[in-house]
Amino acid sequence: MNVSALARQLKITTQELLEKLPELGFDIGARAIKIDDSLVPKIIQAYKKAQKKELFKEELAQVEERGRPKDKDAGAVKEKEISIGNEIIVKDLAEIMNLPIARLMGELMKNGVMVSLNERLDFDTASIIAEDLGFKVKKSNSELIEEASKREKLQKLLADRQGQEIRPPVVVVMGHVDHGKTKLLDAIRESNVVDQEAGGITQHIGAYQAQAGGRLITFLDTPGHEAFKAMRSRGGQIADVAVLVVAADDGLQPQTLESIAVIEKEKLPFVVAINKIDKDAADIDKVKQGLAEINLIPEDWGGKVICQPISAKFKKNIPELLEMILLVADMETPKSDSQGTAIGTIIESHIDKSAGPVATVLIQAGTLRLGDMFVVGSVSGKIKTMQDWTGKALNQAGPATPTKILGLKDLPEVGEILEVISDKKEFKEKSKSKQKGKKSLLKNNHVQSNDDKDNGNISVLNIIIRSDVLGSAEAIEESLEKIKVPDTKIKVIKKGLGQINEDDILQAQASQAIVIGFHVKENKNIQALALEKNVNILYFDVIYKLLEDIEARLQSIKSKKIIHKFLGRMEVLAIFKKKRDSMIVGGRVLEGKVSKDSKIKVLKNGEVESIGALSNLQSAKEDVSEVVAGNEAGISYQGDPIIEVGDQLEFFQEIYE
Ligand code: GDP
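Here the structure is a predicted model, which means the values were calculated and not measured. (Residues numbered from 1 in each chain as written. Predicted model: local features only at pLDDT ≥ 70, side-chain atom pairs only at ≥ 80, totals over all residues. Heavy atoms only, no water.)

1. Remarks on unusual backbone geometry
Formally: What counts as a helix is a DSSP run of H or I of at least four residues, what counts as a strand is a run of E of at least two, and both are numbered from the N terminus.
For aspartate 178, which is not glycine, the phi dihedral falls at a positive 75°. Here aspartate 178 is to be found in the loop between strand 6 (170-175) and helix 9 (181-191).

2. A word on the nonpolar core
Rules: Among the buried residues, those of types Ala, Val, Leu, Ile, Met, Phe, Trp, Tyr and Cys that are joined through side-chain atoms within 4.5 Å form a nonpolar core. Buried residues are those whose accessible area, probed at 1.4 Å on protein chains only, stays under 20% of the maximum for their type, while exposed residues exceed 50% and partly exposed ones sit between those limits. Note that the domain bounds were set by an automatic or database domain assignment. Residues are treated as being in contact if the distance between any of their heavy atoms lies within 4.5 Å.
Formed by 29 residues in total, the largest nonpolar core has its most connected members in Leu220, Leu252 and Val272. Of all the elements in the fold, those that place two or more residues in this core are strand 6, strand 9 (241-247), helix 11 (254-265), strand 10 (270-275) and helix 12 (284-293). Looking at which element gives the most residues to this core, the answer is helix 11, with 4 residues. Of the domains in this structure, domain 3 (168-333) and domain 4 (344-434) are the two that each give at least three residues to this core. Sequence-distant contacts of leucine 252, defined by excluding residues within four places in its chain, comprise Val246, Leu257, Ile260, Val287, Gly290, Leu291 and Ile294.

3. As for the environment of glutamine 387
Relative to the elements of secondary structure, glutamine 387 occurs in strand 17 (residues 379-387). Taking C-alpha positions, glutamine 387 is 9.0 Å from leucine 406, a pair spaced 19 residues apart along the chain.

4. With respect to the site of the ligand
Note the following rule: When at least one non-hydrogen atom of a residue lies within 4 Å of a molecule or strand, that residue is treated as near it. Pairs of N or O atoms within 3.5 Å make up the polar contacts considered here, provided that, within protein, one atom can donate a hydrogen while the other can accept it, and that residues adjacent in sequence are counted only when both atoms are side-chain atoms. Residue-level accessible areas treat just the shown protein chains as cover; the underlying method is Shrake-Rupley with a 1.4 Å probe. Polarity classes work like this: nonpolar for Ala, Val, Leu, Ile, Met, Phe, Trp, Tyr, Cys and Pro, charged for Asp, Glu, Lys and Arg, and polar for all others, with Gly in that last group.
Around the ligand lies a shell of 15 residues, among which Asp178, Lys181, Thr182, Lys183 and Asp278 are the nearest. Histidine 179 is positioned such that a nitrogen or oxygen atom in its backbone is 3.4 Å from an oxygen atom of the ligand. Contact with the protein chains removes 76% of the 580 Å² of surface that the ligand exposes when unbound. Tallying contributions element by element places helix 9 first for the shell around the ligand, with 3 residues. Along the lines of polarity and charge, the residues of the shell around the ligand split into 2 nonpolar, 6 polar and 7 charged.

5. Topic: the side chain of serine 610
Structurally, the position occupied by serine 610 is in strand 29 (residues 607-619). The exposure class of serine 610 is buried, given its relative accessible area of 3%. Only 3.3 Å separates the side chain of serine 610 from the side chain of aspartate 640, close enough to count as a polar contact.

6. A short note on the pattern of salt bridges
We count it as follows: Between Lys or Arg on one side and Asp or Glu on the other, a salt bridge is scored when a side-chain nitrogen of the former is within 4 Å of a carboxyl oxygen of the latter.
The tally for this structure, following the rule as stated, stands at 19 salt bridges. Residue lysine 20 pairs with glutamate 23 through a salt bridge whose shortest N-O separation is 3.9 Å. Of this pair, lysine 20 and glutamate 23 both sit in helix 2 (residues 14-23), 3 residues apart, which is roughly one turn of that helix. Assessed through its relative accessible area of 62%, glutamate 23 is described here as exposed. The closest approach of N and O atoms between glutamate 650 and arginine 569, which form a salt bridge, is 3.3 Å. Of this pair, glutamate 650 sits in strand 33 (residues 648-656) while arginine 569 is found in strand 26 (residues 562-578), placing the two residues 81 residues apart along the sequence. Judged on exposure class, the residue glutamate 650 and its partner arginine 569 are both buried. What emerges from the salt-bridge pattern is a single network uniting Arg569, Glu591, Lys601 and Glu650.

Right, here's the structure in full:
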């Protein structure tokens, strides 16, 4: 392989690679042009390892930076950081760097890039040039912008609703994988449930409430990605207190530092739970030492950081930890206003096999009531049923109450803001305008056909990524974006930390995505579920293998482009049977024909909501192979059981080009 090709793959310049190779233990000479193919995977692995180490160091440095006094120069350094999207026009780049255009053009020419003022540079070229000019380049992240605007929206909505009523504090548990977050949440749930009678039948709805000292505490029960993401996007507004779990036998690890960075950024009060103190290798002082090294001085060492040694496994010191949580929460007693219509944040959402879209909302102001009309992101609905985390039916729910809701028209995204709209006209307008232009999460868009107007000839491969650290999920997404296979596109519909879970599989099934697990453990139950739902899970430990595999998949999608050939359309007049993943419905064929072995698009108000398949066709109670326009037909449908009377079904055949 050429050195330059490998450098491109690693997203560095050839010169940088040649300089880096000896550091990585590969001495191939400073002027080498080719690298032995057998060395390539080893070099990539060594490079990635070194990069990971650097990332860890950077994170550590970031946390250490916290304690240092800010000097004037720090601002100047910060100003040198710029963000660039996938492409940037030359003159815009000069502008964001605040440099004369001639200076930039000169630098471009020096690097052999001959362009005019209005030409576009891709991210790689622009960042190399900008770095040469002394700028730190970050990829602009539209997600971050979206999060910031959501945060602003929530702040605005809550600004007038501060209130004076004391509400339960909301607690989020953070920390490195395997340090015992789940075990701690389980230990608290098991020993401090609010309603002891409900003990055995508690549900996992993304949050629960525990009782301590006669008071309620709301725990966000999603120690993996979701809570993290919601935390990042909503910051201190969703949680009042963080519990940072650190295993006493393992000390501070990369995700501990990531968590500390988030806690600090959000100025979130926190308690450190030093876990696994039952283990022989436990060393509480070493954890404290680690904290002190990054300027988080434990209380008993003269600082302000509250540390509580615990054993989640043996439920040791749990009441003490809860007491500390309340103590920290009381420093700024959480208050809100239970009057008026509800505002909340979605902390969990999934498709229930029989009930359809289900979500858990954490109410932040006001009271949510049965029958309330609401909008949440692009989804609207009317509260049909509400339950608390023990499964108890609720008529209403006030601030800090995690509430499972039914009555959503679609699957809302975690982190979205739920807003109750009491005015019918306003509700209609808001739900209509929000629905427009937004794609349903339930929609099947794995491979978009040639007749898809929005996307021309582009076939989309949907991907869900789970990884051990947030940084690698982001790195994978960035690398995936760089794979260029004509007429295809990758869409990462979800990414996050921790194990692949049931929701990932259900979401993958609904959007026909593939699930990638990077450095995460394989899990038999999830594998079985994936098999049942026909979802592909791919596990990787090495990023270049992952990229190779995805590229091959894109090539195969490209070469096997699917065309949806229209057959006919039917209006649904009756529902005869509804099961977990199938339905029997009847209707009139409006145009074309319905024929055996066709696929079915379910259309609601003209929008495709889901795609399923036809398994049996009847006319006048007889099995037939086709029914033409003007006649009634009964069909067995395999797919999401979401068909309702009045929906239209479009029948088509998939043809491979
Ligand atoms: P998470 O990834 O942070 O949610 O970690 P888990 O809660 O899944 O715990 C990881 C492993 O550590 C599991 O095998 C737990 O049983 C174990 N573990 C958690 N807390 C303790 C503890 O206090 N003592 C001991 N000995 N093991 C624990």
